[in-house]
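Residues per chain, in single letters:
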Amino acid sequence: MADVATQQSRTKTAPHRRNFFSKLFLHNLSAKIAALPMIATVLVIFVGCTIWTVYYSFTNSRLLPRNEFVGFDQYARLFGTSRWNVSITNLIMYGSMSLVLTLTLGFLLAVLMDQKVRFESAFRTIMLYPFALSFIVTGLVWQWIMNPTLGLQGTFRNLGWTGFTFDWISNPRMVLFALLIAGLWQGVGFCMILMLAGLRGVDEEIWKAARVDGIPTWRTYVSVVLPMMRGVLVTAVVIIGSGIVRLYDLVVALTNGGPGISSEVPAKYVYDYMFGGGNIGQGLAAASMMLLTVLIIMIPWAYLEFGGKGRR
Amino acid sequence: AELEVTHWWTSAGEAAAIAEFAKVFEEETGNTWVDSALAGSGTGANPVIISRIIGGDPMGATQMNTGRDAEELIQAGLMRDLTDIVADLDIDSFYVDQSLLEPCRYEGGLYCLPINIHSWDWLWLSTAAYEKIGQPVPTNWDEYVASWPALQEAGILPFALGTGWPINGIPGVLMAGIGGTDLVMQVNRDKSADAVRGPDFRKVAEAMDMLRSVVSPETMVPSFGDAGNQLLTGDAAGNIHGDWLQGDLQIAGGVPGEDYECLPALGLGTQLTGGGDSFYFPVLPEGTDPAVIEAQEQLARILISPEAQLKFNLVKGSMPIRTDIDLSGANACMTKALALLDNGLLPSGDFSLSSDTQKQLEDLNLEFIADDNITVDDYVERYASIIEQAD
Amino acid sequence: MQPSVSIKDLSLNFGNVKVLENLNLDIAQGEFIVLLGPSGCGKSTLLNCIAGLLEVSDGQIFINGKNVTWEEPKDRGIGMVFQSYALYPQMSVEKNLSFGLRVAGMKKEEINQRVKRAAEILQIEPLLQRKPANLSGGQRQRVAIGRALVRDVDVFLFDEPLSNLDAKLRSDLRVEIKRLHARLKNTMIYVTHDQIEALTLADRIAIMKNGVIQQLADPHTIYNKPVNLYVAGFIGSPSMNFINGTLEGQLFTADDGTRIPVGAYEFAVPPTGSAKAVLGVRPEHIFIGDAAQGMPFTTEAEIEIVEPMGSETLAWTKVAGIPVTFRCSSDIPLAAGQKVTIGFDIARGSLFSAQTESRL
Amino acid sequence: MQPSVSIKDLSLNFGNVKVLENLNLDIAQGEFIVLLGPSGCGKSTLLNCIAGLLEVSDGQIFINGKNVTWEEPKDRGIGMVFQSYALYPQMSVEKNLSFGLRVAGMKKEEINQRVKRAAEILQIEPLLQRKPANLSGGQRQRVAIGRALVRDVDVFLFDEPLSNLDAKLRSDLRVEIKRLHARLKNTMIYVTHDQIEALTLADRIAIMKNGVIQQLADPHTIYNKPVNLYVAGFIGSPSMNFINGTLEGQLFTADDGTRIPVGAYEFAVPPTGSAKAVLGVRPEHIFIGDAAQGMPFTTEAEIEIVEPMGSETLAWTKVAGIPVTFRCSSDIPLAAGQKVTIGFDIARGSLFSAQTESRL
Amino acid sequence: MSQTATMSGAAPTTPSTSGTEPRGPRPKPFFTPKKIIIYTTLFFFSLYFLFPLYVMVVTSLKSMPEIRFGNIFALPAAPNFDAWVKAWTSACTGLTCNGLSPGFWNSVRITIPSTIVSIFIAAVNGYALVNWRFKGSEIFFSILIFGSFIPYQVMLYPLVIITREMGIFGSLQGVILIHTIFGMPILTLLFRNYFASLPQELFKAARVDGAGFWRIFFEIMLPMSLPIFVVALILQVTGIWNDFLFGVVFAGTQNLPMTVQLNNIVNSAQGTPEYNVNMAATVLTGLVPLIIYFVSGKLFVRGVAAGAVKG
Ligand SMILES: Nc1ncnc2c1ncn2[C@@H]1O[C@H](COP(=O)(O)OP(=O)(O)OP(=O)(O)O)[C@@H](O)[C@H]1O
Ligand SMILES: Nc1ncnc2c1ncn2[C@@H]1O[C@H](COP(=O)(O)OP(=O)(O)OP(=O)(O)O)[C@@H](O)[C@H]1O
Ligand SMILES: [Mg+2]
Ligand SMILES: [Mg+2]
């Protein structure tokens, strides 16, 4: 019982609740130290640069940032610029087509690959390898293939098929599809791999249940399996989506925005005006609009992902 | 010492030209020219050059367009003042035109050295094409325009054009040739939107409209070099492009006067608009080897020396910045240009307009050429509003 | 009467691995058959063959007299319930139940009626509009059963339907399945490795090992007259106690010399000569204290461990040098270290040949 | 004597969800405590708090008299065994066992000696060089126990260590853990939701519900004298039968009017006046046939379902309009539809206030 | 023993036609319509995916006249590797005519440390996010994901200033830092998902065993993370190898990556492009990532499954 007494006296002096400081800093100290690079990146680079971007978009900074505020002038000019408006339209058009097609083709191919095909790994490699190549290379080779005189069109015409036309790259109405062909070529394989991983993750017994129920295979894929692949779809959309928003290299390499301004995209506008045009204010105003768009798309996703339930 | 020099002259002809500078520099000073070439001018190389200067890792010297690209770098004190270095050379005396040095001066200092003059004001015509239709090669713009129907009849492309930026210089050329000296001055120097809205500029716009009627995306070739090829083969009859096209024409075996004709200022005007390239010398960080700083000075002086100027420009196909050198090696076209040089230079767009304004104009021109829905009135109005906002 | 399901010479290989070999099984109309066996013995494989989810390597399968060896699963007149429930997660319970019918193009009223009936039988009416994610395990399994129910099939196949549930739910659902069978009178084939489920549910149990059916009989027979050592050891928890020894006439001599008279045992084949044998006694056939008196074999034993289980108590001791478990009422106070008299009820024990391992 | 583990006013929240609130628990040296409760009641959470794997929101934890509330897990003198074994997959068994010791920088000989001893105790010497992937479930769990063993700790924490094993292995390992405790005499805290494990292993059982300990007592008390309806219903399989009614003096009247005299019941608080009450009788305290004679309450009943379980039989019937289960020897032949006389052993029943749900 | 299995009750009614009844595995024709559709579709997609590679390789083996006047399908009349040799050893960028080879080694110098550092940091992040969660860690992660949508170009300017202030602009450290930053969002996502799919109890067991943050990371987590490491490795090697902008801006003149030379060769503003050299240079530049893909294809797929499936 004496022990109990000493224990009790110790109780009084023992910390009952750790103070705020130690809770904030000392708890998980090494974890916090280890996460420091991430915290710094997030705060300094992503948050900091975003603030920087928005801040200077309200100035008339040229080659160097400077604190001369001009209100919404840059934005007014931005939306008065037909190239910007074309860029936005293109991004929406290309983006939605690319997203939809990448996902559907990726899914379709994954489904085909899931049918116990022979040479699966060969097919997989064939579909995936373009992902290893840069957009510069992608743009270059497709530019070459779609070149009206040297590429497919020229070749077929030389072979005597004079009516053959494949001039999307120089046709303002079709140029987005030219971009799409090259973009899909590069990106579908990766999406297919993601989808395949998702398909393989579906419980075997679901398939059996569907077979016993007499559900045709395609119907099972569409009605049962696809809706189950939420995790994969989220990952795929994040990866494809971030690629679309940042679309730049491919356009530069394939069409350089042409013909005319028919294949311009926002990232290119930002870059051209920040560096080519030496107008940081204008470039940043455009960038801010892009960020705003992303934010609007991302917030519901982040809410679904991290808000609501405390799921991991 | 090793001196790093950045530039975006990566094509065969350009590289050969800059090699002349390097050769002279290395031979005469014993320094080493460390070459950093970056393809892609405005969008490719510019950001790298600027960010390296801002980032505190500047090169010893760099090429840039003569103009206002580096304005703010100079204002921020990142460029070296060359006044003392060239003080004994009396540069004012030999520069072809004082306006060339204008952009290099800031608050009494001298921050860059133009090393050549490029002019956009050339109409290039294909001898072969006119032989095919049996007409004489036109001697000015109006005759050239008049020959289009016949050319089209014969399946010859009246006007060759490379995709992208080559369209950019054409309004300036038309402005100088059709609109005349005053218009150029009012628009480019005075930034007068009224002048743009005036009748003279309208003629320019209409000329653009006519051009647009004979070019379409399908007829455009990937690069201006390909357009040059079209002239040599006679697939196309004419092209407006800067004097550097000649370098390509010559490399491809073309002989001026035989395979192609050149009409400076469209055969109409008496003055050329001129821009060109300059060299800048960034302020090197503290602790840099003094030998490198000295090499900067040596290079600066060599770039504008008669010997280097001669060798460089003959290869590059541009006009030297000084006339006190023997240009007997110049070909027929350049000789024509040199004659016009005596009348003084007109300030070109890339000379007097900020790159921001140029970029906007480029976008406008690209759009106008490609999209027939934009009327001449729209074009004039949008051009005017860009000039209005220009600073 | 024609058997409901009849399996003839069924073989199945995965590549070189023979999982089932020449298996024969006839199941009567309305019978509840449980396939019981350790993990990997081929229970699921057999069930999948019957369902048509696996292609047989050889042999035939008849359902209601029709050879369905090559039929699609949906045409075999079977419904199947899985361990993981395998509900379509994004569909409401109602959609889950009706999906197969809708795909088959059945009329709306007919579908509604069937769903309603199934929901009634399984008492899941209030859940019809919920998503599976919002159901408890037991409710999910009920929906899974409902999915088989609406299809109006002749044969129900269950693959460990209760394994993912906790003990309490498991025993509740077990009773429900039993009720369901009593009501529907369909043929049911039920795979499990839980012997309590097997014993309580089955009309007949098929005990499998390495793809071979060891014994096929009603639960009472299986429990009390196991045909071989394997079945004897497999069924019953805690297991039957085994004592190795030699059998000579009516006397069994354990390896350590303990003599146990087995005259009370009902031999299938009266023993001749002397042979190595194994004596098996279930824990509940070992009695203690007064009850032990009058048993053919009694001995003194020291209790090693006592496991009170609420309604009864398990105790561990040693007989003939071998650990022996017995079961007694929890009213009898027992403590480790205590010395007690225990007696074996040999008449209800089992004797196996040590050589062939089969019942004597 | 100082308690081995002492928990004072422990609270724990996940965000806004209060999982544990003001929990107090003292565990004596060498005691085997089992935390029993349904899924999600906070058993693992409590164990993790004791282990230091979760930060408490409020309250204190003492181990051997030392306040360890803010100590690192390794400094608390505890060893922990997990349901999923949590063996380091890329290390051999030996490396798994010695990892903690190596982390602590112990000398090589000492490590080897301890590993050897643990391996001996658990009989896993032949496995020392294998990787966990090459072990069976039971072997894995033994290694996991060994990992706690080598660290020579005062307190063992087990979080459902046997849940991933099949029934047979589970009962074997249960006995082994019991033996281990008998040998080591460490304090052990054992989380499970299997009541058989709880009843057989525990010195005392803590029954939890929604983060609150309902009853803390030895297994016999828990089973026979549950403090409230919840505990009564939770413990025992099949569950206790409950009959709602009104208690007036020594007479319990079921809601359908059936009168059940409860004079034999030992009231904790003698009842006054009339009040709504619940009568609970365990299945094994309902007798049938001759044994029913002489019980305070007997009635005629029709058997609805019979579940033979080998050693005994469960039967379902209705008393006072309420489904009632009873348990009897498998020797008694029973069949559905049969009419029998059953009697309640009221002395061993339980009575609860319908209002407070606690034992009368 | 199996004879005990035969039915004890009614004798089975043997179907009369058992000789002709289905028995054994269902006979299947080799070409079912389904198979034909599957393989044809896959075949045509394969053509789509392979065609550009074919064109690249074939063109690089042709001479210039053959390219101008031949067709792009045709195999080279006289295959020669001149273009490859030229692209590798003597293609000019400005005054230096050493081809791609010096850039190759620069790329190697940039890629190896950048890959290692960025993967390491991201792995630690993912690990900390899953196992050592602290207040706000999920918010940081959300912002990180958001960050993956920011166009690189926007960040260029402030990053120049930041690296300048850190004194690492124009150096290998500078470019390593940049690649670490931009690789972080996706890699952290992958590692976080992967670690979240590992059993938490393993981590708890290690903590009880007394291992700290780093010890658990290195001795428990890392050895289990091979699949996701392969994915990260492939993503980073290809990403960094293919990068142009960061290499040229941040790596310093001594370290200009291969892509800069490729860009110079390909994008020379004037003159006639030598398509065969361009194509050879292109293939050469893509070779390293391609080889990595071909070698580790299977692991990659497995790793993607491990890192991407969980939301
Ligand atoms: N697709 C397959 N390919 C190869 N072998 C398989 C396959 N499916 C099952 N097996 C093997 O066949 C044997 C029987 O498997 P089965 O699933 O029928 O066992 P089970 O009795 O259902 O076991 P459990 O109780 O674990 O479900 C096992 O040895 C298993 O390894
Ligand atoms: N990390 C967490 N964040 C939020 N809530 C949690 C977390 N971990 C557990 N909980 C909640 O705390 C409650 C208690 O969980 P705990 O794991 O202790 O239950 P348990 O009694 O061990 O259940 P089981 O028998 O299923 O293991 C549950 O309601 C659970 O949802
Ligand atoms: Mg199975
Ligand atoms: Mg738990």
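Residues numbered from 1 in each chain as written. Chains lettered and ligands numbered in written order. Predicted model: local features only at pLDDT ≥ 70, side-chain atom pairs only at ≥ 80, totals over all residues. Heavy atoms only, no water.

Visitor: Looking at this structure, how should I read the nonpolar core?
Guide: Side chains of nonpolar character tend, in soluble globular proteins, to be buried together. B:L73, B:W141, B:L174, B:F201, B:Y383, D:L35 and E:F250 are the most contacted members of the largest nonpolar core, which has 419 residues in total. Per element, the largest residue contribution to this core is 18 residues, and it comes from helix α10 (residues 175-200) of chain A. Once residues lying within four places of it in the same chain are set aside, the contact partners of B:Y383 are B:P171, B:M175, B:V187, B:V196, B:F201, B:L361 and B:L364. Ranked by size, the runner-up nonpolar core spans 49 residues in total, among them D:V34, D:V93, D:L128 and D:Y190. (Core = buried A, V, L, I, M, F, W, Y, C linked by side-chain atoms within 4.5 Å. Buried < 20%, exposed > 50% of the residue type's maximum accessible area, 1.4 Å probe, protein only. Helix = DSSP H or I, 4+ residues; strand = E, 2+ residues; numbered from the N terminus. Contact = heavy atoms within 4.5 Å.)

Visitor: Hey, could you run me through the sheet that holds strand β15 (residues 286-288) of chain C in this one?
Guide: Strand pairing within a sheet occurs via backbone hydrogen bonds; the two strands may be parallel or antiparallel. Residues and elements named next belong to chain C. Reading across from one edge, β15-β19-β16-β17-β18 is the order of the five strands in this open sheet, with antiparallel pairing throughout. Every other strand in the sheet has two partners, leaving β15 and β18 (322-329) as the edge strands with one partner each. Strand-to-strand twist across the sheet, computed as the mean angle between neighbouring axes with direction ignored, equals 45°. Where β15 meets strand β19 (residues 339-344), three bridges bridge the pair, whose relative direction is antiparallel. (Pairing = 2+ DSSP bridges. Axes fitted to C-alpha atoms, helices over the stretch in contact; angles between N-to-C directions.)

Visitor: It is not clear to me how the arrangement of the chains should be interpreted in this structure. Could you clarify?
Guide: Among eight pairs of chains with at least one contact, chains A and E form the most extensive contact set. What separates chain B from chain C at the closest point of their C-alpha atoms is a distance of 49 Å, and the two make no contact. Contact between chain B and chain D is absent, and the least distance between their C-alpha atoms amounts to 46 Å.

Visitor: Just checking my understanding: could you explain the interface of chain A and chain E for this structure?
Guide: Interfaces are often sized by the amount of accessible area the parts lose when they come together. Taken together, the 93 residues of chain A in the interface contact 86 residues of chain E. Summing both partners gives a buried area of about 8500 Å² for chain A against chain E, and 79% of it is carried by carbon and sulfur. Seen at the junction of chain A and chain E, the total is zero salt bridges. Linking chain A with chain E are nine residue pairs in polar contact (both at pLDDT 80 or more), by the criterion used here. (Buried area = accessible area lost by both parts, 1.4 Å probe. Salt bridge = Lys/Arg side-chain N within 4 Å of Asp/Glu carboxyl O. Polar contact = N/O pair within 3.5 Å; in protein donor to acceptor, adjacent residues only side chain to side chain.)

Visitor: Is there a simple way to think about the state of the cysteines in this case?
Guide: Two cysteines joined by a covalent bond between their sulfur atoms form a disulfide. With the rule as written, the count across this model stands at one disulfide over all chains. Residue B:C104 pairs covalently with B:C112 via a disulfide, S to S 1.8 Å. Between B:C104 and B:C112, the S-S torsion sits near -85°, and that sign places the bridge as left-handed. The exposure class assigned to B:C104 is buried, which follows from its relative accessible area of 0%. You can call B:C112 buried: its relative accessible area is 0%. Of all cysteine sulfurs in the structure, the one in C:C49 sits closest to C:C41, which takes part in no disulfide; the separation is 13 Å. (Disulfide = S-S within 2.5 Å.)

Visitor: Honestly, the packing of aromatic side chains in this entry has me stumped. Any pointers?
Guide: Two measures describe an aromatic ring pair: the distance that separates the ring centres and the angle between the ring planes. Under the defined criterion, the tally for this structure stands at 75 aromatic pairs over all chains. An aromatic cluster is present here, built from E:F120, E:Y127, E:W132, E:F191, E:Y194, E:F195, E:F203, E:F213, E:W214, E:F217, E:F218 and E:F229 joined pairwise through their rings. Sitting over the ring of D:Y88, D:R147 keeps its end group 4.7 Å from the ring centre. (Phe/Tyr/Trp six-rings, centres within 6.5 Å; stacked < 30°, edge-to-face > 60°. Lys NZ or Arg CZ within 6 Å of the ring centre and 35° of its normal.)

Visitor: What should I look at first to understand the site of ligand 2 in this one?
Guide: Residues and elements named next belong to chain D. Neighbouring residues of ligand 2: F14, V19, P38, S39, G40, C41, G42, K43, S44, T45, E160 and H193. A distance of 3.0 Å is found between an oxygen atom of ligand 2 and a backbone nitrogen or oxygen belonging to G42. At a separation of 2.5 Å, an oxygen atom of ligand 2 approaches a polar side-chain atom of S44. When ligand 2 is considered free in solution it has 630 Å² of accessible area, and contact with the protein chains removes 58% of it. No other element matches helix α1 (residues 43-51), which puts three residues into the shell around ligand 2. Split by residue class, the shell around ligand 2 holds four nonpolar, six polar and two charged. (Near = heavy atom within 4 Å. Areas by Shrake-Rupley, 256 points an atom, 1.4 Å probe, with all protein chains shown as cover. Nonpolar A, V, L, I, M, F, W, Y, C, P; charged D, E, K, R; others polar.)

Visitor: I would appreciate a short explanation of the side chain of E:T111 in the present structure.
Guide: Residue and element names in this part refer to chain E. By secondary structure assignment, the location of T111 is in helix α4 (residues 101-131). The buried category is assigned to T111, whose relative accessible area is 6%. Polar contacts involving the side chain of T111 include one to the main-chain carbonyl oxygen of S107, which spans 2.6 Å. When near neighbours in sequence (up to four residues on either side) are disregarded, T111 contacts V237, I240 and W241.

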